[in-house]
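Each chain, letter by letter, is given below.
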2 protein chains.
Amino acid sequence: MTASSTPWTGARRRVHMQEVGPRDGLQMESAFVPTADKIALIDALSAAGLAKIEATAFVSPQAIPALRDAEIVLREIARAPGVVYTCLVPNLRGAERAIEARADELNLVMSCSETHNLANLRMTRAQSFAALSGVIGLARQAGVPVNVSLSCVFGCPMEGDIDPAVVLEWAGRFMAAGARGITLCDTTGMAFPSQVSRIVGLFRQRLPAAELTLHFHNTRGMGLANVLASLDAGADRFDASLGGLGGCPYAPGASGNVCTEEIVHALELMDFDTGCDLALLLQAAARLPGLIGHEIPSQIAKAGRRLDLHAPPPDFALWRDRALARDA
Amino acid sequence: MTASSTPWTGARRRVHMQEVGPRDGLQMESAFVPTADKIALIDALSAAGLAKIEATAFVSPQAIPALRDAEIVLREIARAPGVVYTCLVPNLRGAERAIEARADELNLVMSCSETHNLANLRMTRAQSFAALSGVIGLARQAGVPVNVSLSCVFGCPMEGDIDPAVVLEWAGRFMAAGARGITLCDTTGMAFPSQVSRIVGLFRQRLPAAELTLHFHNTRGMGLANVLASLDAGADRFDASLGGLGGCPYAPGASGNVCTEEIVHALELMDFDTGCDLALLLQAAARLPGLIGHEIPSQIAKAGRRLDLHAPPPDFALWRDRALARDA
């Protein structure tokens, strides 16, 4: 933090925005987005200044057909200097494919909730950890850094609250196994600012060398507030999804990932340096409904930026002249 | 502020929640909500612990037919002790009606933007001020306190930024004319936390005796963050609308008023004392779609409270047993 930043004013403090839409967002869509459109989307995001882009996932094409073109996408995007192209990888087979395709980083997933991990991955957490440790070993041999996304850090939709000590324990084990970074994921939008402030503080104290990312959902309207609480506790990397793509499987119609252009719009107004070009983000977001066949949650896409002004009503001059005549 | 409250933790600090849905929300609806349903809604809000409820408006029934039953509503609601029932009043005629109907408070409106005031009220700000000063005089004679809601405090959708000095000047003139309180309104969702922190700080310094309310819209996703910035600057009264009723005239489909149950849900999690019973608010919100004929923006209505848990998937026990068998 710079000396002069406050919870409400960034004083040009650098914030790293990481885009998850091409993977986390498109994976949820029923329509297959053509490969060329995915590549154009990622290229637009690269040009807009994102620090990291989760480009795709190396998973079974039968399990997730939406991302069956992972190799082609990773081969044909225009890699911008300084942008990290990360890929979700569930197992050794996926890691081999991602490394072969020259992913800049592998992103692994495990849940802090035993119930959620079993329900989602059909493994105990201990089984997941053992398997993912093998993936980290492979990646290290290949010289490819690994990030681990921990789900349900701020609560599990089936178990309820998760003890922060459990979160720190798993994060510490993954760091000891060789991960570069950890993402604390608010998988179903249960995080609230007091809790976020406390957990981010504990994490930075315990694991100061880890590259820490926060991944929030706006399911209960607290996404931006949670970002601000994280920044105040010293975090500076955030996942977000262009247009707010990606819903919540537990609440049809509810918001999922925080929206990239909403967070960038707010943080830039607050004098944080997101590195992003908001106009380019909005151009890219405007093309999303055409790709996915429905409207996007983004509030900025609907309402525009705060200083996108409107013309007065057509009769304005008449009303003004009448009003002024009353004083004459 | 209590000594131990921080931007992220309220330490049981008292926050006064003021409901604007029955007036600001229903006024925007195309369908007329039957009078008995309005009364039941207000009674439910009274029982849920709101500090103040804007019950209706004493305006021309031709101009706003949705609120043509103002007298009946105000007569037939069950007034809960300690709850202030305020009514919007545009002019002397409305003030006479509201006083006759035993409103606890009159709420007057003027815009800080000359363009917005002319476009909305067909008067210059000076003309509005002169007319509203007369209303304040009448209310004082009758012993009824007056609140003045200043529109476009954080920006005008036609003019852009509004100088905070202009806001403070008009607020000071209304307080000198005898108002009890001032509401700083973010009429079209242009406020952002740094700006809010600064303006609330200036206001409290200049007009410490005024009862200060903040009225935010969530148009660009910054509603809760603006509430938190206000609290940190010492404000403790907030307008909000049950279900998030009330859209934005400049952006079809965009959010309007911040949602009462979203703000209460967040602030109670953060250990602020809102005085509200969230379960009763959610019951009242659940009846809104039936009254207005469409879904409500409320995220909490869609997703539930953070600890409203879900059952594991039907096959969960099978998956768990299979996973555990692998370790046996």
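As a reminder, the structure under discussion sits directly above these lines.
What this report covers is the structure whose coordinates are included nearby. (Residues numbered from 1 in each chain as written. Chains lettered and ligands numbered in written order. Predicted model: local features only at pLDDT ≥ 70, side-chain atom pairs only at ≥ 80, totals over all residues. Heavy atoms only, no water.)

## Looking at the pairing of strand E5 (residues 146-151) of chain B
All names here are of chain B. Quick reminder of the rule: Burial classes follow relative accessibility: with a 1.4 Å probe on protein chains only, a residue under 20% of its type's maximum area counts as buried, one over 50% as exposed, and anything between as partly exposed. Strands here mean DSSP runs of E at least two residues long; helices mean DSSP runs of H or I at least four residues long; both are numbered from the N terminus. Think of it this way: DSSP has to see at least two bridges between two strands before they count as a pair. Seen with the strands pointing away from the viewer, any crossover whose path from the first strand over the helix to the second strand runs clockwise is right-handed.
By the criterion of burial, E5 is predominantly enclosed, with six of the six residues buried. In terms of strand pairing, strand E4 (residues 105-111) meets E5 through six bridges, oriented parallel. The residue of E5 that forms the bridge with Leu-108 is Val-148. Sheet topology places E5 next to strand E6 (residues 181-185); four bridges connect them, and they run parallel. When the bridges of E6 are listed, Val-148 appears paired with Ile-182. The parallel pair E5 and E6 is bridged by helix H7 (residues 164-176), and the resulting crossover is right-handed.

## Quick word on helix H6 (residues 125-142) of chain A
Where we set the bar: Expected helix span is taken as 1.5 Å per residue step, with the number of steps being one fewer than the number of residues. Every residue pair with non-hydrogen atoms within 4.5 Å of one another is taken to be in contact.
With 18 residues, H6 of chain A should reach 26 Å at 1.5 Å per residue; the first-to-last C-alpha distance of 25 Å fits that figure. Along H6 of chain A, the positions that sit buried rather than exposed are Arg-125, Gln-127, Ser-128, Phe-129, Leu-132, Val-135, Ile-136 and Ala-139 of chain A. Contacts made by the buried residues of H6 of chain A are with helix H4 (92-100), strand E4 (105-111), helix H5 (114-121), strand E5 (146-151) and helix H7 (164-176) of chain A together with helix H14 (316-327) of chain B. Following H6 of chain A by one or two positions, Gly-143 of chain A has its phi on the positive side, about 75°.

## Quick look at the sheet that holds strand E2 (residues 52-57) of chain A
Residue and element names in this part refer to chain A. Our working definition: What counts as an axis is a line fitted to C-alpha atoms, over the stretch in contact for a helix, and the angles between N-to-C directions run from 0 to 180 degrees.
Ordered by their spatial adjacency, eight strands build a closed barrel running E1-E2-E3-E4-E5-E6-E7-E8, and the pairing between neighbours is parallel. Each strand axis lies, on average, 25° off the axis of its neighbour in the sheet, ignoring direction. Of the strands in this sheet, E4 and E5 are in contact with H6, which crosses E4 at around 170°. Its contacts with the sheet put helix H8 (residues 193-206) on strand E6 (181-185) and strand E7 (211-215), and the angle it makes with E7 is roughly 165°.

The analysis is restricted to geometry; functional conclusions fall outside its scope.
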